[in-house]
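Reading the structure
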Amino acid sequence: MLIIKTIAALHQHLAAYKRPALVPTMGHLHAGHLALVQAARPLCDVLVVSIFVNRLQFLPHEDFDTYPRTLDADCAALAGTGCDVVFAPLESEIYPERQVFTVQPPPELADILEGHFRPGFFVGVATVVQKLFGCVQPHVVVLGQKDYQQLMVVRRMVQQFAQPIDVVGVATLRAPDGLALSSRNAYLTADQRTQAVHLAMTLQSMVQALRNGVTDIATIEANAASALNARSWQTDYLTVRRRSDLMQPAASEVTALRDNGGLVVLGAARLGSTRLIDNLEV
Ligand code: PAF
């Protein structure tokens, strides 16, 4: 496994291959990332995992400075997984000057949910992913479904720019208690870690309400938020959306969408200063 830090060296190395795959990450890898690598391996002739904490997708008050940077441990975790290249550029390599060309995803997709609570987040994500595409020129990109909206933004971007890249989403990996694996779980205190499973449990209760035939989405969402907030969480959103476009379904379409696998419940909430997200398809 090679560790490459510059775009020029990466281009030179990848020139010998026909079908590169990219697994973009911000590092502090866990088993969820390794599942992405495992999914990518059979789809390519060279597998690149990028590790880059992308300043553009953090708001000023967010955790850019404290985001765990654990390159040595990440490389150790990737050794033997089938990863061929770790692309770990410095910030000055990716952003040698202020990034003035950016990718602006459509507001109806990028300014809702995560984008509402983290304005500009998807501009930052789409811009760096586009730039990583330029670095790797992948035929396949593999992303986790935990970042559901991000996956959708990347899919739409690839489709709209007619890029010959397959976008593959991999199911969320969970701890035995059901907590979705996330690099940010590392911020949780022991006490918060025991509370953390309640985000997934609340999403499950929303799914159950839908399966029980409840079609009043506002009630499902309000009950979920008050149940989670009663457990020392602060909810940003707990919501039922259409899978196709992440818009709210009308009451009249809830049952048909539910029966055809057309719904997803998504949540974001804070435990202390740690913000976690999760989702479940219905
Ligand atoms: O999901 C992530 O880790 C990041 O948003 C990504 C896709 C690597 C872009 O920085």
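Here we summarise the structure given alongside this text. Nothing here was measured: the structure is a model prediction, and the numbers come from that model.

So, on to the overall build of the protein. A tally of helices and strands in the protein yields 11 helices and nine strands. Along the first, second and third principal axes, the C-alpha atoms of the protein reach 55 × 40 × 35 Å. Looking at the protein as a whole, 52% of its 282 residues are labelled buried. Sequence-distant contacts in the protein: of pairs separated by 6 or more residues, those separated by 24 or more amount to 73%. Of the roughly 13000 Å² that the protein leaves accessible, carbon and sulfur atoms contribute 54%. Distance between charge centres in the protein, computed from 23 positive and 25 negative side chains, equals 2 Å.

Examined against the element boundaries, His198 turns out to sit in helix 9 (residues 190-211). When the C-alpha positions of His198 and Gly178 are compared, they lie 8.8 Å apart, and in sequence the two are 20 residues distant. In contact with His198, other than residues within four places in its own chain, are Leu228, Arg231 and Trp233. A distance of 3.3 Å separates a polar atom in the side chain of His198 from a polar atom in the side chain of Arg231.

Inspection of the entire model under this criterion finds 14 salt bridges. Salt-bridge contacts for Arg55 lead to Glu91; the nearest nitrogen and oxygen are separated by 2.6 Å. Of this pair, Arg55 sits in the loop between strand 3 (46-51) and helix 3 (71-78) while Glu91 sits in helix 4 (residues 91-94), and the two are 36 residues apart along the sequence. One continuous salt-bridge network, built from bridges that share partners, spans Glu114, Asp236, Arg270 and Arg275.

Within the largest apolar cluster, 44 residues are counted, with the highest numbers of intra-cluster contacts made by Leu10, Phe87, Phe133 and Leu246. Apart from the residues within four sequence positions on either side, Phe87 is in contact with Ile4, Lys5, Thr6, Ile7, Leu10, Val48, Val49, Ser50, Ile51, Ile94, Leu132 and Cys135. By size, the runner-up hydrophobic cluster in this structure holds 27 residues, among which are Ile217, Ile220, Ala225 and Leu263.

All right, on to the pairing of strand 7 (residues 233-242) then. For strand 7, a buried count of eight out of 10 residues is recorded, marking the element as mostly surrounded by other parts of the structure. In the sheet, strand 7 pairs with strand 8 (residues 263-271) via nine bridges, with the strands oriented antiparallel. Within strand 8, the position partnered with Thr239 by the bridge is Leu266.

It is worth spelling out unusual backbone geometry at this point. A positive phi angle, near 50°, is found at Gln137, a position not held by glycine. In this fold, Gln137 is placed in the loop between helix 7 (121-136) and strand 5 (140-144). Here Leu246, not a glycine, exhibits a phi torsion of approximately 60°, which is positive. Tracing the backbone through its elements, the reader meets Leu246 in the loop between strand 7 and helix 11 (251-259).

Looking now at the sheet that holds strand 2 (residues 20-25). The pairing of strands in a sheet happens through backbone hydrogen bonds and is either parallel or antiparallel. Read across the open sheet, the six strands follow the order 1-4-3-2-5-6; overall the sheet is parallel. The open sheet is flanked by strand 1 (2-4) and strand 6 (166-170), the only strands paired with a single partner. Between one strand axis and the next, the sheet turns through 25° on average, direction left out of account. Of the pairings in the sheet, the one linking strand 3 to strand 4 (residues 85-87) comprises three bridges and is parallel in character.

All residues in the neighbourhood of the ligand are listed as Pro24, Thr25, Met26, Asn54, Gln57, Val125, Val128 and Gln150. At 2.7 Å from an oxygen atom of the ligand is found a side-chain nitrogen or oxygen belonging to Gln57. In this structure, Gln150 approaches the ligand through a side-chain N or O atom, which is 2.7 Å from an oxygen atom. For the ligand, whose unbound accessible area comes to 290 Å², protein coverage reaches 89%. Secondary structure elements with two or more residues in the shell around the ligand: strand 2 and helix 7. Residues belonging to the shell around the ligand are distributed by class as follows: four nonpolar, four polar and no charged.

This brings us to the packing of helix 7 against helix 8 (residues 148-160). With their axes 10 Å apart at the nearest point, helix 7 and helix 8 run at an angle of 55° to one another. Taken together, the axes of helix 7 and helix 8 lie oblique to each other. Relative to helix 8, the crossing made by helix 7 is right-handed. Seen from helix 7, the contacting residues are Phe121, Phe122, Val125, Ala126, Val129, Gln130 and Phe133; seen from helix 8, they are Gln149, Gln150, Val153, Val154, Met157 and Val158. Of the residues in the contact of helix 7 with helix 8, the class split is 10 nonpolar, three polar and no charged.

Between its first and last C-alpha atoms helix 10 (residues 217-229) spans 18 Å; for 13 residues at 1.5 Å apiece the expected length is 18 Å, and the two agree. Against helix 9, strand 7, helix 11 and strand 8 lie the buried residues of helix 10. Its side-chain oxygen placed 3.2 Å from the backbone nitrogen of Ala218, Asp216 serves as the N-cap of helix 10.

Conventions and cut-offs
- Residues numbered from 1 in each chain as written.
- Predicted model: local features only at pLDDT ≥ 70, side-chain atom pairs only at ≥ 80, totals over all residues.
- Heavy atoms only, no water.
- Helix = DSSP H or I, 4+ residues; strand = E, 2+ residues; numbered from the N terminus.
- Buried < 20%, exposed > 50% of the residue type's maximum accessible area, 1.4 Å probe, protein only.
- Contact = heavy atoms within 4.5 Å.
- Areas by Shrake-Rupley, 256 points an atom, 1.4 Å probe, with all protein chains shown as cover.
- Lys, Arg positive; Asp, Glu negative; His and termini not counted.
- Charge placed at Lys NZ, Arg CZ, Asp CG, Glu CD.
- Polar contact = N/O pair within 3.5 Å; in protein donor to acceptor, adjacent residues only side chain to side chain.
- Salt bridge = Lys/Arg side-chain N within 4 Å of Asp/Glu carboxyl O.
- Core = buried A, V, L, I, M, F, W, Y, C linked by side-chain atoms within 4.5 Å.
- Pairing = 2+ DSSP bridges.
- Axes fitted to C-alpha atoms, helices over the stretch in contact; angles between N-to-C directions.
- Near = heavy atom within 4 Å.
- Nonpolar A, V, L, I, M, F, W, Y, C, P; charged D, E, K, R; others polar.
- Parallel < 35°, antiparallel > 145°, perpendicular 65-115°, else oblique.
- Left-handed = near helix turned anticlockwise from the far one by under 90°.
- Expected span 1.5 Å × (residues − 1).

Shape is all these values report; function is a separate question.
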